[in-house]
Amino acid sequence: MEQKEKSTDSRPSYLQIRYLLELDRIGNSRGFKLLIAEACGVSHVAVVKYLNSCRDSGDLTEDYRFTEKGRKKVEMYRHLIKDVEAYLYRIGSAEEEIPELLPRFMENIGYDV
């Protein structure tokens, strides 16, 4: 099932959250945008556009490092994903189903940043 990148209400999609988590994991070393695209299974252009929008909104600096605001968001997303995964386990979802269910849940829950 293909994941959509569309974001509504200025909330990032699950896929866009993954871009940020990958950026946090690998840092802004040479070629990081391509590495994020490969890890997420998307085009380089999609990653560049989203990271530029994060830079424009003040979540990333000009050299793609997290601002305090951006760091708080990434930590909130990380906790949110862990909470949704834990919920899926509690309701009896099979472990192999969780990667498929997680994006659907993340796209349909409300949260404030």
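Residues numbered from 1 in each chain as written. Predicted model: local features only at pLDDT ≥ 70, side-chain atom pairs only at ≥ 80, totals over all residues. Heavy atoms only, no water.

A few words now on helix α1 (residues 14–26). Here α1 spans 18 Å end to end across 13 residues, near enough to the 18 Å set by a 1.5 Å rise per residue. Among the residues making up α1, those that are buried are Tyr14, Leu15, Gln16, Ile17, Tyr19, Leu20, Leu21, Glu22 and Leu23. Where α1 is buried, its residues meet α2 (32–40), α3 (44–56), α4 (68–90) and α5 (98–108). A positive backbone phi angle near 75° is found at Gly27, which sits one or two residues after α1. (Helix = DSSP H or I, 4+ residues; strand = E, 2+ residues; numbered from the N terminus. Expected span 1.5 Å × (residues − 1). Buried < 20%, exposed > 50% of the residue type's maximum accessible area, 1.4 Å probe, protein only. Contact = heavy atoms within 4.5 Å.)

This paragraph deals with α3. Its 13 residues give α3 an end-to-end C-alpha distance of 18 Å, which sits within 8% of 18 Å, the value for a rise of 1.5 Å per residue. Listed in full, the buried residues belonging to α3 are Ala46, Val47, Val48, Tyr50, Leu51 and Cys54. The inward-facing, buried residues of α3 abut α1 and α2. Residue Gly58 follows α3 closely and has a positive phi angle near 90°.

The next thing to look at is the confidence of the model for the protein chain. When pLDDT is averaged across the protein chain, the result is 88; 88% of the residues are at 70 or more. In the model of the protein chain, α5 stands out as the element of lowest mean pLDDT, 87, in contrast to α3, which has the highest, 97. Low confidence marks residues 1–9, where pLDDT is under 50. Its contacts with residues over four positions away, or in another chain, come to 19 contacts. (pLDDT = per-residue confidence, 0-100.)

Attention now goes to the packing of aromatic side chains. Under the defined criterion, the tally for this structure stands at 3 aromatic pairs. With centroids separated by 5.5 Å and ring planes inclined at 55°, the aromatic side chains of Phe32 and Tyr64 adopt a geometry described as tilted. Of this pair, Phe32 sits in helix α2 while Tyr64 sits in the loop between α3 and α4, and the two are 32 residues apart along the sequence. Accessibility expressed as a relative area gives 10% for Tyr64, which makes it buried. The interplanar angle of 55° and the centroid separation of 5.9 Å between the aromatic rings of Tyr87 and Phe105 together place this pair among those described as tilted. Residue Tyr87 is found in helix α4, and its partner Phe105 is found in helix α5; the two are separated by 18 residues along the sequence. By relative accessible area, which is 27% here, Phe105 ends up partly exposed. (Phe/Tyr/Trp six-rings, centres within 6.5 Å; stacked < 30°, edge-to-face > 60°.)

Our focus in this paragraph is the pattern of salt bridges. Any two side chains of opposite charge can pair, on the condition that their charged atoms come close. The tally for this structure, following the rule as stated, stands at 9 salt bridges. Arg71 serves as the salt-bridge partner of Asp24, at 2.6 Å between the closest nitrogen and oxygen. Here Arg71 lies in helix α4 and Asp24 lies in helix α1, a separation of 47 residues in the sequence. For Asp24, a relative accessible area of 24% gives the class partly exposed. One salt bridge connects Asp59 with Lys69, and the closest N-O pair in it is separated by 3.7 Å. Taken together, the positions of Asp59 in the loop between α3 and α4 and Lys69 in helix α4 put the pair 10 residues apart, joining distant regions of the chain. (Salt bridge = Lys/Arg side-chain N within 4 Å of Asp/Glu carboxyl O.)

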